[in-house]
Amino acid sequence: MLSFLRRTLGRRSMRKHAEKSRLREAQRATTHIPAAGDAKSIITCRVSLLDGTDVSVELPKKAKGEELFEQIMYHLDIVEKDYFGLRFMDAAQVPHWLDVTKSIKKQVKIGPPYCLHMRVKFYSSEPNNLHEELTRYLFVLQLKQDVLSGKLECPFDTAVQLAAFSLQAELGDCDPLEHNLDLVSEFRFIPEQTEEMELAIYNAWKDCRGQMPAQAEINYLNKAKWLEMYGVDMHMVKARDGNEYSLGLTPTGVLVFEGQTKIGLFFWPKITRLDFKKSKLTLVVVEDDDQGKEQEHTFVFRMDHPKACKHLWKCAVEHHTFFRLRGPVQKNSARSGFIRMGSRFRYSGKTEYQTTKASKARRSASFERRPSRRYSRRTLQNRGDDTHLSHTLHLRGETAARLKQLELEGSLLPATPRNNINVNVAMNNQDDVVKLTEKCSLNSSGSSPVVTPLRPPEDIKSNILKAQAEAAALKVGNRNHRFEGKGTGRYIHTLLSHALSHSKPISHSLLLEQIKLLNIHDNITSLSVGPHNKPHICTC
């Protein structure tokens, strides 16, 4: 009795939990497509689209992949649907394309909810053959993801041109009054984007003036189709020698890469056999020898997982059928006995020939272009951080070296008596006035105090005048590379203290050299020497 109650209550709680999780997924997704029936008889699939939005679709429990695929195509209003597919990951992190002829639950083991991603499955060898503007827009979104992720590598000039077409399609004509250089830094086009590239993109964007979004996207596709890795579906394999290679599936055949170097191309008409067994893939190619006779060459590749090997084989079969044949191969419904050898998988969709000939562009098809993801702008402050730091360290190094030289030269000068001097330097925007006053000593032997005016030494006066002029000139210097106010005051403090600490003032040229090394930015109002010969600096 107790076991019966546990099973009954446990099943009810599992159903409630499934219902709650289904509702949560429906709330998270941008669009929710419900299905008739209770939570017990339906499954939830969450599909990520190319524009970054999510769609939550409810289907019957035994629904096949075709039902989900048709729901997504209908939701997006796509006519040329054979170029696209739904992709998912298994427990071994091996990607797979959803087979439209099989049950969803039998293919996608992780769920519910079953998470899939809409992707371009077959890259058109000639983008101008795409009739629908919506199809071209989705192709551009896929290629932008490929370039940004590093899957599709492109040289600097091509990346700049593609980014300019992308900005033109999304933002329209470049208006210097509204769009500045910092706007380009809000977008990401390649993995390692630099300021130099952003400036080149901004200038190329200006040259795209007058192009409508549809025209800019056509130019984008016509530029991207000439890239070497355009539409190449890469798979990592190992040869008999133990070295790693990459097999790239293309509309013309199978490319072989060793690292980043292309070492071979097997054309589809030359491939006579392609099969797999567990983790081993066998490829038989017919080539003409020097005498013109056909000769077979067998290549055997191994993969890390049997599922990855079968996935590569299925992708190769689909590429060969889609790009090379006029129609898909018809399955033989009659089974030959009880024993079946090999896989029964066959490509069931339309070929590129059928899609190009049969599809016709609709007279009116409206859709919404969603904006790209934005990032924080590259401001002037973080544009010059590295330059400012290196400039600061360079100036401080020079200043330290010159201070040592100043101390050595100052120690060699003879000592002379000096009086208590009060120096006030007032800097005005129009006139620079220098007031020099000196306190005199009272004559203890006389009956009345006699003020004896004393002139300050010429070297000190010249030092102060020169320092004042130099500070006024440097005041309007470069603001991006400067020391902070406290640092500047501390350096001037050190220089004036050193200049006044000796019995005879030092050479004013050495003092000015030190002030020149300090790229002064503070607004200095006065420099004075207070009691006990301590310099005082006033800034605002």
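Residues numbered from 1 in each chain as written. Predicted model: local features only at pLDDT ≥ 70, side-chain atom pairs only at ≥ 80, totals over all residues. Heavy atoms only, no water.

- As recorded in an unreviewed UniProt entry, the protein goes by the name Band 4.1-like protein 5, listed as coming from Nothobranchius furzeri.
- Comment text from UniProt for the protein, heading Function (unreviewed entry), reads "Plays a role in the formation and organization of tight junctions during the establishment of polarity in epithelial cells." (UniProt positions renumbered as here; feature names shortened; annotations may be inferred.)

Remarks on the packing of helix H4 (residues 133–149) against helix H8 (residues 213–224)
Move 1: Relative to each other, H4 and H8 sit at 50 degrees, their axes nearing to 10 Å. For the element pair H4 / H8, the angle class is oblique. At the point where H4 passes H8, the crossing takes the left-handed sense. Two secondary-structure elements touch here, H4 through Glu-133, Arg-136, Tyr-137, Phe-139, Val-140, Leu-143, Lys-144 and Val-147 and H8 through Ala-214, Glu-217, Ile-218, Tyr-220, Leu-221 and Ala-224. (Axes fitted to C-alpha atoms, helices over the stretch in contact; angles between N-to-C directions. Helix = DSSP H or I, 4+ residues; strand = E, 2+ residues; numbered from the N terminus. Parallel < 35°, antiparallel > 145°, perpendicular 65-115°, else oblique. Left-handed = near helix turned anticlockwise from the far one by under 90°. Contact = heavy atoms within 4.5 Å.)

Overview of the confidence of the model for the protein
Move 1: On average, residues of the protein score 75 in pLDDT, and 60% of them reach the 70 mark or higher.
Move 2: Low pLDDT, under 50, characterises residues 502–506; the stretch is placed with 21 contacts to residues that sit more than four places away or in other chains. (pLDDT = per-residue confidence, 0-100.)

Observations concerning the nonpolar core
Move 1: Counting 69 residues, the largest nonpolar core has Leu-68, Ile-72, Phe-84, Leu-116, Met-118 and Leu-138 as its most contacted members.
Move 2: It is H4 that contributes the most residues to this core, 8 residues altogether.
Move 3: Trp-97, Val-237, Ala-239 and Val-254 belong to the second largest nonpolar core, which has 25 residues in total. (Core = buried A, V, L, I, M, F, W, Y, C linked by side-chain atoms within 4.5 Å. Buried < 20%, exposed > 50% of the residue type's maximum accessible area, 1.4 Å probe, protein only.)

Remarks on the environment of Lys-105
Move 1: Mapping Lys-105 onto the fold places it in helix H3 (residues 104–107).
Move 2: Separated by 42 residues in sequence, Lys-105 and Ala-63 have C-alpha atoms that sit 8.1 Å apart.
Move 3: With near-sequence residues (within four places) excluded, Lys-105 lies in contact with Ile-43, Lys-61 and Tyr-114.

Re the sheet that holds strand S1 (residues 31–33)
Move 1: With respect to topology, 6 strands assemble into an open sheet ordered S1-S3-S2-S6-S4-S5, the strand pairing being mixed. Whereas interior strands pair on both sides, the edge strands pair on one side only; in this sheet they are S1 and strand S5 (95–97). Within the sheet, the average angular offset between the axes of one strand and its neighbour, ignoring direction, is 30 degrees.
Move 2: The pairing of S1 with strand S3 (residues 54–60) spans 3 bridges and is classified as parallel. Bridge pairing links His-32 to Ser-56 in S3. (Pairing = 2+ DSSP bridges.)

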